[in-house]
Amino acid sequence: MLRIFILVIGLVLIAQGTLAQEEEKPPVLMEKIVETSPDGKFAMRIKYDKALNDRMLSGNNPKPPHDIFSQAISMIELVSLPEKEAVAILFDAEKEGGNTFGITLLWSTDSKWCAFFLSYPRTGYTTVYNLRGKKFKAVNKPEDLSPPTKGSVRNEHIIPKRWVKPGTLQLSVERVFRGDDEADGVNGFIARFDGKGKFQILRKIR
């Protein structure tokens, strides 16, 4: 009886260990190449958990852009084509977190600039990238690319709309103010970037 008892305990422990190993297995990541640049030399690569994404697609959820749910995304990069070598990291879930978000990538006509918009329910900001050598470098911090306001902002989204020309970007402004603060009438603006980490707001759009 003692041997049988020990054998049963051993089998239970093995089964528990197997289940624990299965739970600890990292997700199998897939990738999707989207938003190719006008010259065809670059694109955006989205790495995501295929199993989680497939479960969400099979449910009653509205289909997201590129058929990839933000909850399944682990990494978003710019890559060169056809090599698929990473030339910039746009989003890293381990560093930035967040569960539900939207993304937009807007290329300039010469393919040397792109604007990446990361949107959460209450905030969303734009980061501009410029091609320097073989890599794309961010030329602004996301929250810095926002026209100043005297009101107390509760929700804010700064959205890229179009490249007026390479290095000059038009953006829209969507704000919700706290309390009795009134909207400042700014619906957008045009910014020019020098490629060295500085930008200038040329004109506000009211």
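Everything below is about the structure printed above this text.
This write-up is about the structure you can find in this document. (Residues numbered from 1 in each chain as written. Predicted model: local features only at pLDDT ≥ 70, side-chain atom pairs only at ≥ 80, totals over all residues. Heavy atoms only, no water.)

1. Let's talk about the pattern of salt bridges
Next, step 1: This structure, assessed with the given rule, holds 6 salt bridges.
Next, step 2: The partner of Arg45 in a salt bridge is Glu31, and the shortest N-O contact between them spans 3.8 Å. With Arg45 in strand S2 (residues 42-49) and Glu31 in strand S1 (residues 29-34), the pair connects residues that are 14 residues apart, well separated along the chain.
Next, step 3: Residue classification places Arg45 among the buried residues on the basis of a relative accessible area of 8%.
Next, step 4: We classify Glu31 as partly exposed; its relative accessible area is 36%.
Next, step 5: A salt bridge links Glu31 to Lys84, with the nearest nitrogen and oxygen atoms 3.8 Å apart. Pair noted here: Glu31 is in strand S1 and Lys84 is in the loop between strand S3 (73-80) and strand S4 (86-92), with a separation of 53 residues, a long-range link.
Next, step 6: Within this structure, Glu31, Arg45, Lys47, Glu77 and Lys84 form a network of salt bridges that share partners. (Salt bridge = Lys/Arg side-chain N within 4 Å of Asp/Glu carboxyl O. Helix = DSSP H or I, 4+ residues; strand = E, 2+ residues; numbered from the N terminus. Buried < 20%, exposed > 50% of the residue type's maximum accessible area, 1.4 Å probe, protein only.)

2. Some details on the sheet that holds S1
Next, step 1: One open sheet accounts for 4 strands, arranged S1-S2-S3-S4; its pairing is antiparallel. In the strand order of this sheet, the two ends are held by S1 and S4, each with one partner. Within this sheet the neighbouring strands show an average axis-to-axis angle of 25°, counted without direction.
Next, step 2: Pairing geometry for S1 and S2, over 6 bridges, is antiparallel. When the sheet's bridge partners are listed, Val34 is paired in S2 with Met44.
Next, step 3: Relative to the sheet, helix H2 (residues 50-57) contacts S1 and S2, its axis offset from that of S2 by approximately 85°. (Pairing = 2+ DSSP bridges. Axes fitted to C-alpha atoms, helices over the stretch in contact; angles between N-to-C directions. Contact = heavy atoms within 4.5 Å.)

3. Points about the pairing of S2
Next, step 1: Of all 8 residues in S2, 7 are buried; the element is thus mostly enclosed.
Next, step 2: Note that S2 and S3 share 7 bridges and pair antiparallel. Pairing of Arg45 across the sheet is with Glu77, part of S3.

4. Overview of the environment of Phe117
Next, step 1: Position of Phe117 among the secondary structure elements: in strand S6 (residues 113-119).
Next, step 2: Expressed as a C-alpha distance, the spacing of Phe117 and Val128, which sit 11 residues apart in the sequence, is 8.8 Å.

5. So, the side chain of Ser146
Next, step 1: Mapped onto the elements, Ser146 comes out in the loop between strand S8 (135-138) and strand S9 (153-165).
Next, step 2: Using a relative accessible area of 16% as the deciding quantity, one classes Ser146 as buried.
Next, step 3: Of the polar contacts made by the side chain of Ser146, one reaches the side chain of Glu156; its length is 2.9 Å.
Next, step 4: A polar contact of 3.1 Å, which involves the side chain of Ser146, links it to the side chain of Arg175.
Next, step 5: When residues no more than four places from it in sequence are discounted, the contact partners of Ser146 are Glu156, Ile158 and Arg175. (Polar contact = N/O pair within 3.5 Å; in protein donor to acceptor, adjacent residues only side chain to side chain.)

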